[in-house]
Amino acid sequence: MTHSPTRCSLFAAPASWHSIAACLQKGLLIISSQVKLDLTLGDLTKIGKSQKYTLSVDVEGGKLVVLKKQKDSQEDWNTFTHDKIRQLIKSQRVQNKLGIVFEKEKDKTQRKDFIFDSARKREAFCQLLQLMKNRHSNQDEPDMISVFIGTWNMGSVPPPKNITAWLASKGLGKTMDEMTVSIPQDIYVFGTQENSMGDKEWVDFLRGVLKEFTEMEYRPIAMQSLWNIKIAVLVKPEHENRISHVSTSSVKTGIANTLGNKGAVGVSFMFNGTSFGFVNCHLTSGNEKTARRNQNYLDILRLLSLGDKQLSSFDISLRFTHLFWFGDLNYRLDMDIQEILTYINRKEFEPLLKVDQLNLEKEKHKIFLRFSEEEITFPPTYRYERGSRDTYVWHKQKPTGVRTNVPSWCDRILWKSHPETHINCNSYGELCGTAA
């Protein structure tokens, strides 16, 4: 009995801070490094314990409660409203240590340092505190917004009815904790390849699963397709009026650049004063087609018409505050198949990443100049036996004979941001499953 192969979907949830200047306007500066999150969201949510304190964040009420346990079992607590929390200072040396600067009186502040159970707990607390401050802000633009980006080569098979595991960033790699799913993302961006669904059908499906997952009616702001390559962007209802200057485009890179089976689709918009660009692509396949993939990338960079038309003399990597580029990039591993399988079985990915064509071409400055990618800690996403998470299908029958497709990280998510901005990637991983 033979099984058709399946592709893994990839997810990343980068939280995007606009700039230190914007943060300072609200009196909250976060000095951040990449950390996983672990938090619960409720009316009054207990987040982390220091040696002597319990910290609770009341998101709806806009309060932080600092509860101190006394030796005689008595409790002493202080309540700080959102506007009295002036600064968070994350220790770089002690990853689970956090300093909080409170406003006590006019022009007088007090700093307290807390030790959390882990760096995950600390980061969770910081994100929830930021959410509270955003919710009670009088400013038009939040200091921080969160973006979910998913890419999925669907293999021309309809999606399963339930894809919440994808939305929750569950799977292999850098994933968010179970409790983090309590906080819906501000923006969801879905890039698919070999997606046989109609555009309206696909958007309606995404809205349905988002409503079930978040209990919110997300608004579609853009949908663009090129044959079966699609990108859909949905935002929280509260952000709909913050979105402007929406632009969509596509570029064909198939045979003679006239076929749309390979190419890219893109969406750009302004979120208040910040420009965003998103590119979903499906590049040329084949182990030996590295140069062709590089050319695909350069064609898309040059021809995709997004963003401010006054910046059309610049390629799209220079037009946006934040540009995210993702999809089935199809770059392969330059190594013998049996060696690759041995390293995968040992969960030793570093030797494989050293022969990853995308990394090698990037190091030569041929592609993705000054783009960033989160560390890869998950197995190659291409190409599993359907229904399996550990068996790769690497022989493919072609009219010209049997073709070897080595396991590879074909599916990727990269980004490029202005120097004064900061991206904190909270998750980057893969989710495999059988599309029914």
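In what follows, the structure referred to is the one given above.
Residues numbered from 1 in each chain as written. Predicted model: local features only at pLDDT ≥ 70, side-chain atom pairs only at ≥ 80, totals over all residues. Heavy atoms only, no water.

(A) Seen up close, the overall build of the chain. A count of helical and extended segments in the chain gives 8 helices and 23 strands. Burial analysis of the chain (436 residues in total) assigns 55% to the buried set. Carbon together with sulfur atoms contributes 48% to the accessible area of the chain, which is approximately 19,400 Å² in total. (Helix = DSSP H or I, 4+ residues; strand = E, 2+ residues; numbered from the N terminus. Buried < 20%, exposed > 50% of the residue type's maximum accessible area, 1.4 Å probe, protein only. Areas by Shrake-Rupley, 256 points an atom, 1.4 Å probe, with all protein chains shown as cover.)

(B) How the structure looks around the environment of threonine 421. Secondary-structure assignment places threonine 421 in the loop between strand S22 (411-417) and strand S23 (422-431). Look at threonine 421 and you get buried, because its relative accessible area is 13%. Residues threonine 421 and threonine 321 lie 100 residues apart in sequence; the distance between their C-alpha atoms is 7.8 Å. A distance of 2.6 Å separates a polar side-chain atom of threonine 421 from the backbone oxygen of histidine 418. (Polar contact = N/O pair within 3.5 Å; in protein donor to acceptor, adjacent residues only side chain to side chain.)

(C) Structural detail: the sheet that holds strand S15 (residues 243-252). Strands sit in the order S15-S16-S17-S18-S22 across an open sheet of 5 strands; the sheet is mixed. The open sheet has two free edges, formed respectively by S15 and S22, since each of these has just one partner strand. Going from strand to strand, the sheet's axes swing by 10° on average, the running direction of each strand aside. (Pairing = 2+ DSSP bridges. Axes fitted to C-alpha atoms, helices over the stretch in contact; angles between N-to-C directions.)

(D) Region of interest: the sheet that holds strand S8 (residues 97-105). Taken together, the 3 strands give an open sheet; going across it, the order is S7-S8-S9, and neighbouring strands pair in antiparallel fashion. The sheet terminates laterally at strand S7 (85-90) and strand S9 (108-115), the two strands that pair on one side only. Strand-to-strand twist across the sheet, computed as the mean angle between neighbouring axes with direction ignored, equals 20°. When S7 meets S8, the two strands line up antiparallel, connected through 5 bridges. Bridge pairing links glutamine 87 to valine 101 in S8. With respect to the sheet, helix H2 (residues 119-135) is in contact with S7 and S8, its orientation differing from that of S7 by roughly 155°. (Contact = heavy atoms within 4.5 Å.)

(E) Local environment of the environment of aspartate 83. With respect to the element layout, aspartate 83 can be found in the loop between strand S6 (75-81) and S7. Separated by 20 residues in sequence, aspartate 83 and glutamate 103 have C-alpha atoms that sit 8.3 Å apart. Excluding residues that lie within four positions of it along the chain, aspartate 83 makes contacts with Glu103 and Lys133.

(F) Focus on the pattern of salt bridges. Counted according to the given criterion, the structure contains 15 salt bridges. A salt bridge links arginine 412 to glutamate 373; the nearest nitrogen and oxygen atoms lie 2.8 Å apart. Taken together, the positions of arginine 412 in strand S22 and glutamate 373 in the loop between helix H8 (357-363) and strand S19 (384-385) put the pair 39 residues apart, joining distant regions of the chain. Given a relative accessible area of 0%, arginine 412 falls into the buried group. On the basis of relative accessibility, which here comes to 22%, the residue glutamate 373 falls in the partly exposed class. (Salt bridge = Lys/Arg side-chain N within 4 Å of Asp/Glu carboxyl O.)

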